[in-house]
Amino acid sequence: MRSILTIILNDLQIFFSQRGNLPGLLIIPVLLTLVIGWSLGQIGGGGPMRLRVDLIDLDQSGMSAKLIEDLRAANDAIVLCPLDNDAEDFCSLGEEPLQLERAIERARTGRASALIVIPAGYAAALEAFEIISVDYYSLSDPMQPGPVLQSLNAVLQRASTASMTTGVADALLTNLTAAFELPPLGAETRDGFLGALYLRSQEMLTEQPAPVRFQVADAESASEDGSMNGFNQSAPGMGTLYVMFTVLGGMAVLLRERSQWTLQRLMALPLSRAQILGAKIGVYFSLGMIQYFIVFAVGAALGMDFGSSPAAILAVMAAFVLCITALTFALAPWIKSEGQARGLVLLLSLSLAPLGGAWWPLEIVPEFMQTLGHLSPVAWAMDGFHDLIWYNGGFTDVLPEVGVLIAAAVVLFAIGIRRFKYE
Amino acid sequence: MQLMVEARNLRKTYKRPDGSSIEAVKGVDLEIRQGEIFSLLGPNGAGKTTTISMISGLVEPTEGDASIGGYSITKEPMAAKRLMGFVPQEIALYPELSARQNLAFFGRMYGLGGKELGRRVDELLEFVDLSDRQNDRIDTFSGGMKRRINLAAGLLNNPPLVYMDEPTVGIDPQNRRRVLDTVKLLRDEHNMTVLYTTHLMEEAQELSDRVGIIDHGEIIAMGTQDELVQQVGEEDRLEITIGAQEIAESHLERMQQETAGVTRILCNPPEQVSDDSSESMPAKLTVFAKRGRTALPQILQDLDSAGVEIQSVAVREPDLEAVFLALTGRALRD
Ligand SMILES: Nc1ncnc2c1ncn2[C@@H]1O[C@H](COP(=O)(O)OP(=O)(O)O)[C@@H](O)[C@H]1O
Ligand SMILES: [Mg+2]
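Residues numbered from 1 in each chain as written. Chains lettered and ligands numbered in written order. Predicted model: local features only at pLDDT ≥ 70, side-chain atom pairs only at ≥ 80, totals over all residues. Heavy atoms only, no water.

A word on the layout of surface pockets. Empty space within the largest pocket amounts to approximately 970 Å³. In this structure, the largest pocket is lined by 24 residues; those nearest its centre are Arg258(A), Lys421(A), Glu423(A), Tyr14(B) and Lys15(B). At the level of elements, α10 (250–259) and α17 (399–419) of chain A together with β1 (3–15) and α1 (48–54) of chain B are the ones that each hand at least two residues to the lining of the largest pocket. Looking at which element gives the most residues to the lining of the largest pocket, the answer is β1(B), with 4 residues. When the residues that make up the lining of the largest pocket are grouped by side-chain class, the tally is 10 nonpolar, 5 polar and 9 charged. (1 Å grid on protein atoms, 1.4 Å probe; cavity = no way out; pocket = protein on both sides within 12 Å on 5 of 7 lines; lining within 4 Å. Points joined across faces, edges and corners; volume = space filled by probe spheres on them. Helix = DSSP H or I, 4+ residues; strand = E, 2+ residues; numbered from the N terminus. Nonpolar A, V, L, I, M, F, W, Y, C, P; charged D, E, K, R; others polar.)

Here it is, written out as structure tokens:
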């Protein structure tokens, strides 16, 4: 184990002593993170902090319209689909109308952050002070409510509190009229009074901070300073792209170590082949993690969000780096020259990155491109980061992504280890 | 006598990318005794590196096995490798690191650390006389200096056995001298066993207690230098460089028959004898003769009367070159 660590440290020292490696590790990814982060921020959040929320209103009443309006006001990152869809089809609806079944499917697959269904009879129930539930579908953890659920809760709480206030006033009015034997109010006057009371209490509740207001306010302040949203996409994206550049570059280094005979010298030492291979895998895994840390550190300095589970972010990073390290070892045996290796690194990085949504979020591309994009490990890593950073998800939310990346790593390592060229 | 290295029937077949295969080593047996310098002498491509790679565990033999100090290199590689130092033909060093960093790294891989490691590295830098350049990067070194650090890196574990694969390739005469002296020092003062490969007859001649001659993947002769020379008969060699005139095959044959003591005449390169007379490339005649100096005047007279221009003449006592030539019909250097 000590020899493995010694080799890893030695190889890292060599990597850092080659000045040619520093632009690719440090300067370019940091610059790109900044530039892309800012420009994504400039174009109105560039998508990342706009939350696609499907909404189906089965009530079509004044009350439900009010609820919708309140939702918009509560969090302007929320884009209600299909109501507030834009010309670019941010909702990604295409030509078809949004039926309940399709909407549930979209929420289940995470293609929409959430689905809110306002049931028929919503207004009637509120007026009669009866219990009615608004259905909410989302992938995110109900224990760690995301911004959409928080907004919805705040709005519903307001609606029901106002409704309750009105109900109490109504009862009071009836009782007072009876107790003091006053002439009954005309139905119109009475309704007008109660309606005004309902609105007034809503207003007052809106002015007063709701108990969950702070989280909602957080999302709002984030969208005021658009640049921050941009880094939520650009830091994970550029980190992921440059992890590929850096780690895949190992193909050329492995080749060079064989041609300059330092690999053979290691084999003449009292080390097992497993130790040597383990050390070399460790080297590229470490480099990948270092690359992520550098870019995320820049993101952190510029105020990007880290969600609520840094450990889960670390898990996504580690799974992706492992997958790319395995890809490096699976390809290395077929490489004949350093030039060929460099070409392949460029080809793979520059095709897998955009395909998988490293430059721009996959949410904004057509559906078939999103499906196709998931051939790229980048898509799985980015999905994981989005779950954690945008939707405030937890460890369980990224288990599928981490699982897919590790499964791919296992398959690729099986090829790479069997074919590894020691001679 | 105790054997340090014993190899039995080593074979290595390489697959070429085009699907064909090449048998680089064809059943080599080796016995290297404790405390000797054993040279493996053969031209480029003879299979020296492949052999040394198999007996050091770098390459798995297609067939056969080797042991170091009694430990099988294929079955107990760790124990075997601990007894072994290795100086590869390539400069197997990290060019980006300093001489000291390189040595310290390989030292750590042998489990050295702390003061002990520092002392050993100092010792070796002193030994190859590069203490003053220890903190410079390897890629700033001359070829000779790299060779010396490459050698030092093979001695970190102070091994009883060291393999050196053509350690003088591509260096100037001064550095070569230094390396050769170092090899003798390792045997004489550090009691090491050395396996030394080279394609240079002079090096094998100067260093070796015993020599194995390898060609086309086979050991074609093995023994002390005296034994090898006796094996081919104690003939002198007359090396005569001639202008590019035509010499008839029959003329050479007649010379061989009529001159007393001459046993064989080779012409290198052979095609120069009849073809290409327009080219001014000189050809070389090698005449094998008992008592070469006695036969020389008549041979020169013969050539002169045939109108052959003689450019230079050398008389060589029997040596390893002669052994190789006698066994293969080719010169070592070709
Ligand atoms: N990895 C390899 N793949 C294919 N052929 C090889 C390989 N290594 C050596 N050879 C071939 O094996 C033969 C012996 O090579 P080598 O052992 O390097 O000879 P030497 O060290 O005596 O110059 C050569 O013909 C060489 O081309
Ligand atoms: Mg060689």
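There is more to say after this.
In this section: the site of ligand 1. All names here are of chain B. Taken together, Tyr14, Ile22, Ala24, Pro43, Asn44, Gly45, Ala46, Gly47, Lys48, Thr49 and Thr50 make up the full set of residues near ligand 1. For ligand 1, an oxygen atom lies 2.7 Å from a polar atom in the backbone of Gly45. Relative to its unbound accessible surface of 560 Å², ligand 1 loses 65% to contact with the protein. Listed by contribution, the elements that provide at least two residues to the shell around ligand 1 are β2 (21–33) and α1. Among the elements that line the shell around ligand 1, the one with the most residues is α1, at 3 residues. For the shell around ligand 1, a count of residues per class yields 5 nonpolar, 5 polar and 1 charged. (Near = heavy atom within 4 Å. Polar contact = N/O pair within 3.5 Å; in protein donor to acceptor, adjacent residues only side chain to side chain. Areas by Shrake-Rupley, 256 points an atom, 1.4 Å probe, with all protein chains shown as cover.)

So, about unusual backbone geometry. Following Cys81(A), the chain continues into Pro82(A) via a peptide bond in cis, with omega recorded as 0°. Within the secondary structure, Pro82(A) sits in the loop between β2 (78–81) and α4 (100–108). Backbone geometry at Asn158(B) places phi at a positive 45°, although glycine is not the residue there. Within the secondary structure, Asn158(B) sits in the loop between α5 (143–153) and β7 (161–165). Using a relative accessible area of 47% as the deciding quantity, one classes Asn158(B) as partly exposed. The phi dihedral of Asn191(B) is positive, around 60°, even though this residue is not glycine. As for its placement among the helices and strands, Asn191(B) is situated in the loop between α6 (173–190) and β8 (193–198). (Buried < 20%, exposed > 50% of the residue type's maximum accessible area, 1.4 Å probe, protein only.)

Quick look at the coordination of the magnesium ion (ligand 2) now. Residue and element names in this part refer to chain B. Only Thr49 (OG1) and Gln89 (OE1) from the protein coordinate the magnesium ion (ligand 2), and they sit 1.9 to 2.2 Å from it. On the criterion of sequence distance, the pair formed by Thr49 in helix α1 and Gln89 in the loop between β6 (84–87) and α3 (99–109) is long-range, its members being 40 residues apart. Here Thr49 falls in the partly exposed class, since its relative accessible area comes to 24%. (Donors = N, O, S within 2.8 Å, 3.2 Å for Na, K, Ca; no water.)

All names here are of chain A. Running from N to C, helix α13 (residues 310–331) and helix α16 (residues 377–389) point in directions that differ by 175°, and their axes come no closer than 10 Å. On the basis of their axis angle, the class for α13 and α16 is roughly antiparallel. Each of Ala312, Ile313, Val316, Met317, Phe320, Cys323 and Ile324 in α13 lies in contact with α16, whose residues at this interface are Pro377, Val378, Ala381, Gly384, Phe385, Leu388 and Ile389. (Axes fitted to C-alpha atoms, helices over the stretch in contact; angles between N-to-C directions. Parallel < 35°, antiparallel > 145°, perpendicular 65-115°, else oblique. Contact = heavy atoms within 4.5 Å.)

Our focus in this paragraph is the confidence of the model for chain A. All names here are of chain A. For chain A, mean pLDDT is 84; residues scoring 70 or higher make up 90% of the total. Across chain A, α13 holds the top mean pLDDT of 97, while helix α8 (residues 213–224) sits lowest at 35. In this model, residues 44–48 is a region of pLDDT below 50 whose contacts with residues beyond four sequence positions or in other chains number 10 contacts. Here residues 209–228 scores under 50 on pLDDT; set against residues more than four positions off or in separate chains, the count is 26 contacts. (pLDDT = per-residue confidence, 0-100.)

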